[in-house]
Amino acid sequence: MRIWGMSGWSSHEIERELPRLRGYARALTRDAVAADDLVQEALLRAYERASTYRPERSLRSWLLSILHNLFIDHKRREGSEQRRNARLSLLSEGLVAHGGQEQAVFLREIAARFEALPEEHRAVISLISVQGLSYHEAATTLGVPVGTVMSRLHRARAALREPQAAEAARLHVVGGKDAS
Amino acid sequence: MHPEPVTEAEIQAYLDGELDLGRRLEVESHLAADAEAAHIFMEDLRLRTSLRLLATDLADAPPEMLSAAARLSARLGDGPARSFRKLWGGRMMQGLAAAALLMIVVLPGRDVQARPPAYVGDAVAAYRTGLLREAMASQIETPRFDAGEVQRSTRIRVPRLPAQWVVTDAQIFPSKEGPALQLMVRTPNAKKLSLFAVRAQSDAPVAPTAVRHEGASVAYWREGEMSYAITGPEAPEAIDTVAETFVDDAV
C-alpha cells in the first residue's frame, strides 16, 4: 500500500504533477492548446497565492483546485464552453495509433462519449479514473462532499458504458442520487 | 454471520481502490458469483483503461510551463514555510490518519502519470531479451545464480527471492547506470517475471509504483543506492503486488 505524498517533497514535485494538471485541464477544456494555457495560468495563480498554501493540504489537490476554479471563472466570463462544444472530438484525433483498427474505433467512440459528458462528470472521471485521485482528494479538489463525488462518478460511468451494459447496470444500481 | 450485501457503489469503490481488504474480498466473491455484475465491472475496467490510453498522448511540457513550475517550487520551498520538510512530515501523518479514516487503499498502479525513471526502459528491454533467449534453442540460459558472487563483482545487492520462485536465467546487462543484473524467474503459478537490479540512485520512489510500458507492466522502486524493477505481462496492479512483497520483506 502506498499513501499519497510518501515520496517526500522535492523541487521536482510540481514538475511531477504537470502531466496530471495537463490531463485534467484537457478533460475540462477538451482542447490541448487551451488546456496548456490553463495550466500555465494555474501555475502563475498558485505562485501568487503561495502564502495561502497549507502544507497539511495535499499539494496535488491544491493545484488541481486552483486550475479547476480558473476554468470555472473562464467559463463564466467567456461562454467558451459553447464554442468548444462545436469543436467536439478534435481531441481524439491522432491518438488512435495504439493497437489495431478495432481498438482504434472503440477508443474513438469512448473519446466521443467522454467529450459529450457534462463538465462536472468529465471532472470526476478525469480526476479519479485517469489521474488516480482518491475520492477524498477529488472531493477536496472540487470543493464538494465525497458523496457528491461518488454520485457524479456513478452517473458519469453509466453514461460512458455500452448501451447494453448501461441498461443492465441501471437494474443493479442501488441509490445514486446526486447530492449537489 | 451474514456479510453486508455488496452494492453497485461498492463495486465502483473497489474499482477505484477505495476499499479495505476485507471489503475487497466481499466484492470479489460477489463478482465471482454474479456473471452480469462481473460483466459490468469488466466494462468499467475497459472504460478506465481506454480513458487512460486516450490521455497518454501529451506532448512534452512547454519550457515556459516548466519554468513556471520551477518558480512555484522555489516559492513554496522557502518563505513562511521554511520548515517545509518538517511540515511535510506532518502532512504525511495527516494523510495517514485520513487514509485510515476513509479506509483508502490507493492502488499504486493507478499512479499512471508519473514519468518512470530511465532504467525502467532498460528493465523492459531486458525482460524482452529474457523471453527471447528462452525461446531460442541456440541461446543457453544460465539458471545457476550466485547472489554473493554477483554482489562481490558488481556491487549489486539482490533482494531475497520468495522460496517458491525458480530462477531460470541470470544475465548481466549493460545499462547507462553501469552493469545491471537481470533474473528471469518462474513463479509457482508458472508466471514468467523478470527482476532487474541496477546500482543507481534513480528518482524511483521508495514504495513500488507500477506502470504499463510497451506492452509489459513494470513495478519500480528504490532502496538506498539500488534501483529495482519487476516486469511481467500481467496488469500493473498484479505486478505491483509482487513488488510489495519484496519491499515488505526488506523491512
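Up top is the structure.
Residues numbered from 1 in each chain as written. Chains lettered and ligands numbered in written order. Predicted model: local features only at pLDDT ≥ 70, side-chain atom pairs only at ≥ 80, totals over all residues. Heavy atoms only, no water.

### Things to note about the packing of helix α6 (residues 119–130) of chain A against helix α8 (residues 146–160) of chain A
Residues and elements named next belong to chain A. Look at α6 against α8: their axes get within 9 Å of each other, and the N-to-C directions meet at 95 degrees. Of the possible angle classes, the one that applies to α6 and α8 is roughly perpendicular. In this structure, α6 uses Glu120, His121, Val124, Ile125, Ile128 and Ser129 to contact α8, whose residues at the interface are Val149, Arg152, Leu153, Arg155, Ala156, Arg157 and Leu160. By residue class, the composition of the contact of α6 with α8 is seven nonpolar, two polar and four charged. (Axes fitted to C-alpha atoms, helices over the stretch in contact; angles between N-to-C directions. Helix = DSSP H or I, 4+ residues; strand = E, 2+ residues; numbered from the N terminus. Parallel < 35°, antiparallel > 145°, perpendicular 65-115°, else oblique. Contact = heavy atoms within 4.5 Å. Nonpolar A, V, L, I, M, F, W, Y, C, P; charged D, E, K, R; others polar.)

### What to know about the environment of Lys75(A)
You can see Lys75(A) is positioned in helix α3 (residues 59–78). Using a relative accessible area of 24% as the deciding quantity, one classes Lys75(A) as partly exposed. (Buried < 20%, exposed > 50% of the residue type's maximum accessible area, 1.4 Å probe, protein only.)

### Comments concerning empty space enclosed by the protein
Throughout the structure, instances matching the rule amount to three cavities of 30 Å³ or more. If you go around the second largest cavity, the residues you meet are Arg161(A), Glu8(B), Ile11(B), Gln12(B), Leu15(B), Ala37(B), Ile40(B), Phe41(B) and Asp44(B). Elements represented by at least two residues in the lining of the second largest cavity include exactly α1 (8–15) and α3 (35–54) of chain B. A per-class count over the lining of the second largest cavity returns five nonpolar, one polar and three charged. (1 Å grid on protein atoms, 1.4 Å probe; cavity = no way out; pocket = protein on both sides within 12 Å on 5 of 7 lines; lining within 4 Å. Points joined across faces, edges and corners; volume = space filled by probe spheres on them.)

### Details of the packing of aromatic side chains
Tallied over the full model, the rule gives four aromatic pairs over all chains. When the centroid spacing of 5.5 Å and the interplanar angle of 55 degrees are considered together, the rings of Tyr14(B) and Phe41(B) count as tilted. Taken together, the residues Tyr14(B) in helix α1 and Phe41(B) in helix α3 connect sequence positions 27 residues apart. Judged on exposure class, the residue Tyr14(B) and its partner Phe41(B) are both buried. Plain terms: the ring middles of Tyr119(B) and Phe196(B) are 6.4 Å apart, the flat faces sit at 15 degrees to each other, and that makes the pair stacked. On the criterion of sequence distance, the pair formed by Tyr119(B) in helix α6 (residues 119–135) and Phe196(B) in strand β3 (residues 192–199) is long-range, its members being 77 residues apart. Per residue, the accessibility class of Tyr119(B) equals that of Phe196(B), and both read buried. In this arrangement the basic side chain of Arg75(B) is found over the ring face of Tyr47(A), its NZ or CZ atom lying 5.0 Å from the centre. (Phe/Tyr/Trp six-rings, centres within 6.5 Å; stacked < 30°, edge-to-face > 60°. Lys NZ or Arg CZ within 6 Å of the ring centre and 35° of its normal.)

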